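Observations on chain architecture
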Amino acid sequence: MNLADLTLTEQAEALRRAHCSSRDLIDAHLARIDRFDGQLHAYVDVYAAEARALADAADIARPAGMPLGPLHGLPVAVKDLCDITGRVGTVGSKMWASRIGTTTSATVDRLLGAGMIPLGKTQMVEFAFGGWGTNPLMGTPWNPWDLACHRVPGGSSSGTAVAVAAGMAPVGIGSDTGGSVRIPCAFTGLVGLKVTFGRISLHGTGLLSWTLDSIGPMGRSVDDCAEMLRVLAGPDARDATTAVQPALDLSAPLRAERLAGLRIALPDAAQLPPFMHPAVTAAWQDTARQLEGLGATIVPVRLPDWFFDLSKPAGMVIASEAYALHRAYINDTTQAIGDAVRARVLAARDFEPGAYAETLRVMAERRRFFAAWFDRHDAILLPTVAIPAPPVGSIEETSPVPGHLTRPVNYLGLCALAMPAGLHGGLPVGVQIVGKPFAEPMVLAIGKALQEQTRHHLLRPDLSTAAAPPG
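The model shown is predicted, which means the values in this text are computed figures rather than measured ones. (Residues numbered from 1 in each chain as written. Predicted model: local features only at pLDDT ≥ 70, side-chain atom pairs only at ≥ 80, totals over all residues. Heavy atoms only, no water.)

Topic: the overall build of the protein
Our working rule: Strands are runs of DSSP state E lasting at least two residues, helices are runs of H or I lasting at least four, and both sets are numbered from the N terminus onward. Radius of gyration here is computed from C-alpha atoms only, and the compact-globule reference equals 2.2 Å multiplied by the residue count raised to the power 0.38. Whether a residue is buried, partly exposed or exposed follows from its accessible area with a 1.4 Å probe, protein chains only, as a fraction of its type maximum: under 20%, in between, or over 50%, in that order. Contacts between residues were defined by any pair of non-hydrogen atoms, one from each residue, lying within 4.5 Å. Note on areas: Shrake-Rupley, 1.4 Å probe, and residue coverage restricted to the protein chains presented here.
Looking only at helices and strands, the protein features 13 helices and 11 strands. Its C-alpha radius of gyration of 21 Å places the protein within 12% of the 23 Å reference for a compact globule of 471 residues. Expressed along its principal axes, the backbone C-alpha trace of the protein runs to roughly 60 × 60 × 50 Å. When burial is assessed residue by residue, the protein has 61% of its 471 residues classed as buried. Taking all contacts inside the protein whose residues are at least 6 apart in sequence as the whole, residues at least 24 apart take part in 78%. Surface summary for the protein: the accessible area is close to 17200 Å², and the carbon and sulfur share equals 55%.

Structure below.
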């Protein structure tokens with residue numbers, strides 16, 4: 001048994017059965033990091049000594065008979081926009097390579113409170129603003145599904161995706177403003193949960209858009225994401241947007257059940273963008289058949305004509321708020337900021353006066369309209385990204401491809417679960433199960449049933465040809 005290849009829930013079971021210790025788990029992942037991260041470049045900073053010390057403490061506490069956190073002694077990777085007091089927090093920017101956190105994010109607070117052990121901080125797209133996963137100044141993580149060709153990992157949660165896919169962490173933290181959890185999960189064969197805005201506190205998190213940002217778990221199974229959600233979700237007095245959420249009603253453990261009685265909307269394939277790869281379309285349609293076989297009613301629908309045009313107004317909201325957050329230095333060309341990200345943020349200067357306010361007004365109207373449209377269904381099945389991961393050298397940074405199918409979910413205030421849907425040419429393709437606001441238990445339940453049917457989550461990249469570590 002290679003401990004680094006286990007899912008989080010499998011690791012938890014191994015601890016319960018005393019088949020391993022927390023120190024064993026930490027050592028297994030640190031060994032994997034030492035072996036592979038020289039090529040894969042998933043981590044900004046590895047907390048090796050600290051993780052070992054926390055693991056030893058967890059092993060001492062386990063037999064002491066005192067109450068323990070629900071994820072006691074289990075490892076996690078943290079995206080480098082979740083601050084930790086006294087630790088470097090770059091938010092993906094070379095400009096902030098020496099920036100020290102002065103607070104600890106609510107996300108890290110809750111992970112530590114649950115007993116988890118951070119393995120380190122992971123790479124990301126600068127300011128979390130990009131779907132391909134590239135970062136020319138800090139370095140672009142290497143998608144582990146093709147070790148011969150540097151392919152995009154997806155962004156902005158690029159490092160977390162690569163770390164989990166390569167077994168350098170069992171689970172990790174991402175963020176999703178326009179797809180930044182779901183896109184990298186599609187490109188690297190993972191499960192990732194885009195939660196409803198306000199479900200998880202953003203206190204102490206590097207923001208891109210205060211209207212659309214969300215924190216979300218990324219893992220190797222639906223069960224792992226459910227376990228993480230139980231720990232992360234809930235009101236936080238330091239973030240007023242979390243105050244209105246309903247209680248999280250999520251069975252423990254998550255059960256795979258028949259989907260009889262559920263109505264899952266399947267959009268007309270003719271509405272999908274012209275750049276859809278046939279293999280992604282085929283995997284999406286096959287997933288619909290699998291769900292139908294599990295008892296769900298698949299309902300062919302036509303989405304509102306504007307649905308797949310929502311990437312543009314979502315981008316306007318993101319760019320406008322990003323400019324407001326970063327305007328003190330984004331115009332300063334002496335600062336170490338990547339050209340593509342700088343251009344995305346500076347695009348807000350060209351918006352017409354009042355455009356931002358009008359976009360928010362229309363967004364509120366469309367959210368109300370879509371809530372009524374969605375009322376007839378329990379979920380929507382969509383592809384996650386239109387293509388498998390392309391080579392880094394072939395992409396256009398201004399391309400609409402990576403976020404085209406994911407941004408509408410953020411714009412409309414929905415939740416979604418990204419799921420692996422198989423391989424094409426050795427590369428993962430994915431689907432997303434889209435749910436109503438705060439319907440995370442529903443999308444997780446559907447995902448759990450689908451996972452047990454397809455077993456796509458068991459696919460792993462072959463790392464045997466990875467470059468040897470330096471030295």
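Overview of the pairing of strand β8 (residues 297-301)
Where a strand is regular, its side chains alternate between the two sheet faces. We count it as follows: Pairs of strands are assigned from DSSP output, requiring at least two bridges between the strands. Handedness of a crossover: with both strands directed away from the viewer, a clockwise path from the first strand across the helix to the second marks it as right-handed.
Note: strand β7 (residues 263-267) against β8, five bridges, orientation parallel. Bridged to Ile264 within β8 is Ile298. For the handedness criterion, the β-α-β arrangement of β7, helix α8 (residues 278-293) and β8 is classed as right-handed.

Some thoughts on helix α5 (residues 158-165)
Buried residues dominate α5, accounting for eight of its eight residues. For α5, the complete set of buried residues consists of Ser158, Gly159, Thr160, Ala161, Val162, Ala163, Val164 and Ala165. The first or second residue beyond α5 is Gly167, which carries a positive phi of 75 degrees.

Re the packing of α8 against helix α13 (residues 440-454)
The test is simple: Axis definition: a line fit to C-alpha positions, over the contact stretch in the case of helices; interaxial angles, taken between N-to-C directions, run 0 to 180 degrees. Here the angle decides the label: under 35 degrees means roughly parallel, over 145 means roughly antiparallel, 65 to 115 means roughly perpendicular, and every other value means oblique. When residues are sorted by character, Ala, Val, Leu, Ile, Met, Phe, Trp, Tyr, Cys and Pro go into the nonpolar class, Asp, Glu, Lys and Arg into the charged class, and all the rest, Gly among them, into the polar class.
Axis separation between α8 and α13 bottoms out at 10 Å; the angle between their running directions is 100 degrees. Between α8 and α13, the interaxial angle falls into the category roughly perpendicular. Along its contact with α8, which presents Thr287, Gln290 and Leu291, the element α13 presents Ile446, Leu450, Gln453 and Thr454. Here the contact of α8 with α13 is built from residues that sort into three nonpolar, four polar and no charged.

Focus on the nonpolar core
Cut-off, in case you're wondering: Throughout, nonpolar core names a set of buried Ala, Val, Leu, Ile, Met, Phe, Trp, Tyr and Cys residues whose side chains join them through atoms within 4.5 Å.
Counting 113 residues, the largest nonpolar core has Met116, Met228, Leu291, Phe370, Leu381 and Leu444 as its most contacted members. Apart from the residues lying within four places of it in its own chain, the contact partners of Leu381 are Ile264, Ala265, Leu266, Pro267, Trp284, Thr287, Ala288, Leu291, Val431, Gln432 and Ile433. The next biggest cluster of nonpolar side chains, apart from the first, holds 29 residues, and it includes Ala42, Tyr43, Ala166 and Met218.

Comments concerning helix α10 (residues 339-346)
Every buried residue of α10 is accounted for by Val341, Arg342, Arg344, Val345 and Leu346. Those residues of α10 that are buried lie in contact with α9 (311-326).

Some thoughts on the packing of aromatic side chains
Convention followed: Here a Phe, Tyr or Trp ring, Trp counted by its six-membered ring, pairs with any other such ring whose centre lies within 6.5 Å, and the pair is stacked when the planes are under 30 degrees apart, edge-to-face when over 60, and tilted otherwise.
One pass over the full model with this rule turns up 11 aromatic pairs. Consider the rings of Phe307 and Phe370, whose centres lie 5.6 Å apart with planes at 35 degrees: the pair is tilted. Remark: Phe370 occurs in helix α11 (residues 355-374) and Phe307 occurs in the loop between β8 and α9; sequence separation between them is 63 residues. Both rings, one in Trp373 and one in Phe374, keep their centres 6.5 Å apart while their planes meet at 50 degrees; by these two values the pair is tilted. Trp373 gets classed as buried once you look at its relative accessible area, which sits at 10%. Here the aromatic cluster, defined as three or more aromatic residues joined through ring pairs, consists of Trp306, Phe307, Phe308, Phe369, Phe370, Trp373 and Phe374.

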